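# Structural description and commentary
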Amino acid sequence: MPYALHIGPNIRKSPYFDATVADGVQGFSVYNHMFIPGHFGDPEAEYDRLLNGVAMWDVAAQRQVELKGPDAARLAQRLTPRDLDGLKVGRGRYVPICDHDGWLINDPVLLKLAEDHFWLSVADSDMHLWALAVARESGMDVQVSEPDVSPLAIQGPKAMDVADALLGGWVRDLPFFGFREVELEGIPLVVARSGWSKQGGVELYLRDGSKGVALWQRVKAAGQPFGIGPGAPNDTERLESGLISYGADMRRQCQPANPFEMRFGAMVNLDAGHGFIGRAALERIKAEGWTRERRVLEVEGAPVEGNAHPLPLLLDGTEVGTLFEMAHSRRLEINIAHGMLPRDLPEGATLTVTLPDGPRRVVPRPSSG
Ligand code: THG
């Protein structure tokens, strides 16, 4: 690329920033007003490590929004359509968050640290300001802050071997989205079984940013026998695995979508009876129906490069939907993409997308895919 991001003081640095630079990071993206590594110069090797070995990622940009105080549980439940009843201390849950009109504004992982203490591990939008405003406007007795907490992901089929070597065998017993608070030789951590890939692993939530480089080095050393290497949240794997990327797949300001359109309907628990922001809108949408739905797509032809912009999807020359993100999947031997299409699109319809090298046929996979 003929241009580079300017590394200035206005964009925040992760506690792992210096360690990733020392390990040869070659590109950054910006997420929650913070630099997040994009790749380390060999995307093919990074993909192979994630699928066959183990990778470590700086995901400090997954900032935590802390809810603490007598009304913390009430605020958490007010923020999401998903029923939080039965969520235990030491467990997390994926919680879509909507605005009053039912549009998704974030899709965090919620961690319950105590009955009156929660973290929202947020995707790329300003949930701290939203949660603070909701709390203050409703007069709730709760502190809302962004604490000094910075996740580091270890992902891949050998990730649990690395976690075991680093932390001990108990990590293997953590259930998915379960977590535990520990100290690793003076480094305070929350260790969670989670991560933005379907290859398995843990996320280490560092609770002291001054120890970022030290933690990075510890993980790297423990992972050496397993061939660990640096990486980044992997868009190819997430497209293959059907994981959502807020910002790429939807964004309230420029590409709004509601949970039904994103196929998050099972997480909209209208029958649970709890009051939450967006309830009236989501009840109406559920009653009246919705016209579009997220689909997994195959882009036919030669391997594609990633796209820098969302792309229009055409049916007989007319724009009917949007391709969010695409990548070539070596594992599936196809170009895979996510997009939004009309629900009444006839099965077997063939669409077109225009790439720099010309038009391509696009085939939606069955809706369940
Ligand atoms: N881990 C943590 N924080 C995060 C992410 C993460 N914050 C930002 C972003 N990722 C939030 N988005 C997601 C998207 C998917 C998942 C987690 C966070 C996920 N989904 C599982 C799935 O789709 O199979 C489980 C969903 C479910 O509960 O049914 O894990 O990765 N800390």
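Here, every reference points to the structure presented above.
Computed from a prediction, not measured in an experiment: that's the story for all the values here.

## What about the packing of aromatic side chains?
Tallying each qualifying case throughout the model produces eight aromatic pairs. A centroid spacing of 6.3 Å and a plane angle of 40 degrees characterise the contact between Tyr 16 and Trp 216, whose relative ring orientation is tilted. Of this pair, Tyr 16 sits in the segment before α1 (17-22) while Trp 216 sits in helix α6 (residues 212-223), and the two are 200 residues apart along the sequence.

## A few points about the packing of helix α5 (residues 159-167) against α6
Interaxial distance between α5 and α6 falls to 9 Å at its minimum, and their mutual angle equals 115 degrees. For the pair α5 and α6, the crossing hand works out as right-handed. Residues Val 162, Ala 165 and Leu 166 of α5 form the contact with α6, whose participating residues are Arg 218, Val 219, Ala 222 and Gly 223. For the contact of α5 with α6, a count of residues per class yields five nonpolar, one polar and one charged.

## Examining the site of the ligand
In the neighbourhood of the ligand, 17 residues make up the surrounding shell, with Gln 62, Ser 121, Lys 198, Glu 203 and Tyr 205 lying closest. Measuring from a nitrogen atom of the ligand, one finds a side-chain N or O atom of Gln 62 at 3.1 Å. A distance of 2.6 Å separates a nitrogen atom of the ligand from a polar atom in the side chain of Ser 121. A class-by-class count of the residues in the shell around the ligand yields 10 nonpolar, three polar and four charged.

## Digging into the pattern of salt bridges
Where charged atoms from two side chains of opposite charge come close, those side chains can pair. Within this structure, the stated rule accounts for 23 salt bridges. One salt bridge connects Arg 238 with Glu 325, and the closest N-O pair in it is separated by 2.6 Å. Placement of Arg 238 in helix α7 (residues 235-241) and of Glu 325 in strand β18 (residues 318-329) is noted, with a sequence separation of 87 residues between them. Residue Arg 238 is classed as buried on the basis of its relative accessible area of 0%. Connected through shared salt-bridge partners, Arg 12, Arg 63 and Glu 146 make up one network.

Quick notes on the rules
- Residues numbered from 1 in each chain as written.
- Predicted model: local features only at pLDDT ≥ 70, side-chain atom pairs only at ≥ 80, totals over all residues.
- Heavy atoms only, no water.
- Phe/Tyr/Trp six-rings, centres within 6.5 Å; stacked < 30°, edge-to-face > 60°.
- Helix = DSSP H or I, 4+ residues; strand = E, 2+ residues; numbered from the N terminus.
- Axes fitted to C-alpha atoms, helices over the stretch in contact; angles between N-to-C directions.
- Left-handed = near helix turned anticlockwise from the far one by under 90°.
- Contact = heavy atoms within 4.5 Å.
- Nonpolar A, V, L, I, M, F, W, Y, C, P; charged D, E, K, R; others polar.
- Near = heavy atom within 4 Å.
- Polar contact = N/O pair within 3.5 Å; in protein donor to acceptor, adjacent residues only side chain to side chain.
- Salt bridge = Lys/Arg side-chain N within 4 Å of Asp/Glu carboxyl O.
- Buried < 20%, exposed > 50% of the residue type's maximum accessible area, 1.4 Å probe, protein only.

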